[in-house]
Amino acid sequence: MNSVRNSGLSGVWTHATDIVVEKGEGIYLYDTEGKRYIDFTSGIGVVNTGHCHPEVVAAIQKQAAALIFGQLNIVTHKPVLQLAEKLNTLTPPELDTFFFSNSGAEAVEAAVKLAKHATGKTNIIVFNGSFHGRTHLTMAMTTSKPIYRKKYQPLVAGIFTSPYPYAYYYGWPEKETLDFAVKELEKVLASQTSPEETAAIIVEPVLGEGGYVVPPNGFLKKIREICDKNGILMIADEIQSGFGRTGRFFAFEHEQIVPDIVTIAKGVASGMPLSGIIYRHALGEKWITGSHGGTYGGNPVACAAAVATLNVLENEQLVHNAEVRGKELLERLQEFKKQYHFIGDVRGRGLMAAVEFSENHAPAPERAKAVIKAAAERKLLLLSCGTYSNIIRWIPPLIVTKEQLAEGLSLFAEALEQTR
Ligand SMILES: Cc1ncc(COP(=O)(O)O)c(C=O)c1O
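Report on the accompanying structure. Computed from a predicted structure; not experimentally measured.

Looking only at helices and strands, the protein features 13 helices and 16 strands. Against the compact-globule benchmark of 22 Å for 420 residues, the protein has a radius of gyration of 21 Å, which places it among compact chains. Per-residue burial over the protein gives 49% buried out of 420 residues. Pairs at least 24 apart in sequence give 72% of the contacts found in the protein among residues at least 6 apart.

Below you can see the structure in the form of structure tokens.
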């Protein structure tokens, strides 16, 4: 078999490793030689129920044998109805309407298109460091790294950027950082895109690709207030932070607010391509029938996988597990911070945690890279993130046990020690 380097596969994909995988089970991936890896990347936050959870596999097999495809412009099928019904029991009562697509970027596109129709306005405010996708619109909304937009300019117009309250980056206390971000957001509305032109503000309730930044408490509430005061819609991009990842079903629940639109993908279907938006029914009254859609969105097999995923999250109390394991994870990472001068910051919410590497407060990407490599040599898979790639993100599957987490952390300790 060819390796990834001489396979004919496009070189446009980045590859964090050369591992060719054959099997996945729980927190583990197995390569073609049978070597076992602890996957604490969860396929970038996708397999929250672990690889090939038996109940998800069974649902996929059963559905594939019955109906692989039923095009939603032509017919409706049971799995999509069941998924909407199930999600309705898990979301705040105001968020009662569901549209399904395939990728995260497509969900963000849908959210923006809905916001434009619902408000009759054109502009969108995003936060600096955000990642919303790789399509032309979502690329214009993405400011986590220049690689995503370099040489693709000019980008879609009408996107305006405001700072995310990233306290460690600014070197300020949380309260000061929050006040700054709110002031700057108000200034964007005063100086660049007026409330009369602004359809929506989109926010990642925990910044993902941009650095696993937990915003100061009160940030989401402030956005909600600003949106309400100015007739602007609030979109929460929960594509990475959703489905139990942060110890709540959605990360916006940490602040007791309800957005107008929520984007979902990744964790919703344990690896089957499914995404979507959840929104307030009233908004849809202005979303003209036929003005949005897609061939594959709401595929029956993907929807069946999503229903099974939601059942597993509930029955195995995985949201609670994310909260409990998340506390253990953060505690241990804090100890590492005391031990190693090159760890500048440790932060997280549930099983969405970060170790930021810096030397004299300057980003240290080489250190992060060396630690990831040393961890991979020990068969522990971890991913970087952040504008400067100097942050290691921890995204274990939500099924991770106390012992498995401790094993991963002890391999991480060895990797840190190797690069000391
Ligand atoms: C917060 C967020 N939004 C949108 C996306 C885009 O999702 P996709 O890669 O499925 O298009 C991602 C992907 O990492 C994400 O993390």
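Right, let's talk about the site of the ligand for a bit. Of all residues adjacent to the ligand, which total 15 residues, the nearest are S103, G104, A105, I239 and Q240. No other element matches helix 4 (residues 104-119), which puts three residues into the shell around the ligand. Considered class by class, the residues forming the shell around the ligand number six nonpolar, six polar and three charged.

With that out of the way, let us pick up the nonpolar core. By size, the foremost hydrophobic cluster in this structure holds 120 residues, and its most contacted members are A111, A115, A200, L233, I277, A305 and A306. With 11 residues, helix 10 (residues 300-315) is the largest single contributor of residues to this core. In this structure, A306 is in contact with L83, V268, A269 and L274, ignoring residues within four places of it in sequence.

With that settled, the discussion passes to helix 4. The end-to-end C-alpha distance of helix 4, which contains 16 residues, comes to 23 Å, matching closely the 22 Å that a straight helix rising 1.5 Å per residue would cover. Helix 4 sits mainly inside the fold: 14 of its 16 residues count as buried. G120 lies just past helix 4 and shows a positive phi near 70°.

Bringing the sheet that holds strand 8 (residues 233-237) into the picture now. Strand order across the open sheet formed by seven strands is 4-10-9-8-7-5-6, with mixed pairing between neighbours. The outermost strands of the open sheet, each flanked by one partner alone, are strand 4 (95-101) and strand 6 (159-162). Across the sheet, the mean angle separating the axes of adjacent strands is 20° when strand polarity is ignored. Examined bridge by bridge, strand 8 and strand 9 (residues 261-264) share three bridges and lie parallel to one another. Within strand 9, the position partnered with D237 by the bridge is T263. Helix-sheet contacts for helix 4 involve strand 4, strand 5 (123-127), strand 7 (198-203), strand 8, strand 9 and strand 10 (275-280), and the interaxial angle to strand 10 is about 30°. Packed onto the sheet, helix 7 (residues 174-191) meets strand 5, strand 6 and strand 7 and runs at close to 150° relative to strand 6.

Look at helix 7 against helix 8 (residues 219-230): their axes get within 10 Å of each other, and the N-to-C directions meet at 20°. One way to sum up the angle between helix 7 and helix 8 is to call them roughly parallel. Every pair of crossing elements has a handedness; the one defined by helix 7 and helix 8 is right-handed. Contact residues: L178, A181, V182, L185, E186 and L189 in helix 7; F219, K222, I226 and N230 in helix 8.

In spatial order, the strands read 1-2-3-14; together these four strands make up an open sheet with mixed pairing. At either margin of the open sheet sits one strand with a lone partner, and together these are strand 1 (21-25) and strand 14 (380-381). Relative to strand 14, strand 3 (residues 36-39) is paired through two bridges, and the arrangement is parallel. Across the sheet, D39 pairs through a bridge with L381, a residue of strand 14.

What counts as what
Residues numbered from 1 in each chain as written. Predicted model: local features only at pLDDT ≥ 70, side-chain atom pairs only at ≥ 80, totals over all residues. Helix = DSSP H or I, 4+ residues; strand = E, 2+ residues; numbered from the N terminus. Rg over C-alpha atoms; globule rule 2.2 N^0.38 Å. Buried ≥ 20, exposed ≤ 12 C-beta atoms within 10 Å, placed from the backbone. Contact = placed C-beta atoms within 7 Å. Near = placed C-beta within 6 Å. Nonpolar A, V, L, I, M, F, W, Y, C, P; charged D, E, K, R; others polar. Core = buried A, V, L, I, M, F, W, Y, C linked by C-beta atoms within 7 Å. Expected span 1.5 Å × (residues − 1). Pairing = 2+ DSSP bridges. Axes fitted to C-alpha atoms, helices over the stretch in contact; angles between N-to-C directions. Parallel < 35°, antiparallel > 145°, perpendicular 65-115°, else oblique. Left-handed = near helix turned anticlockwise from the far one by under 90°.

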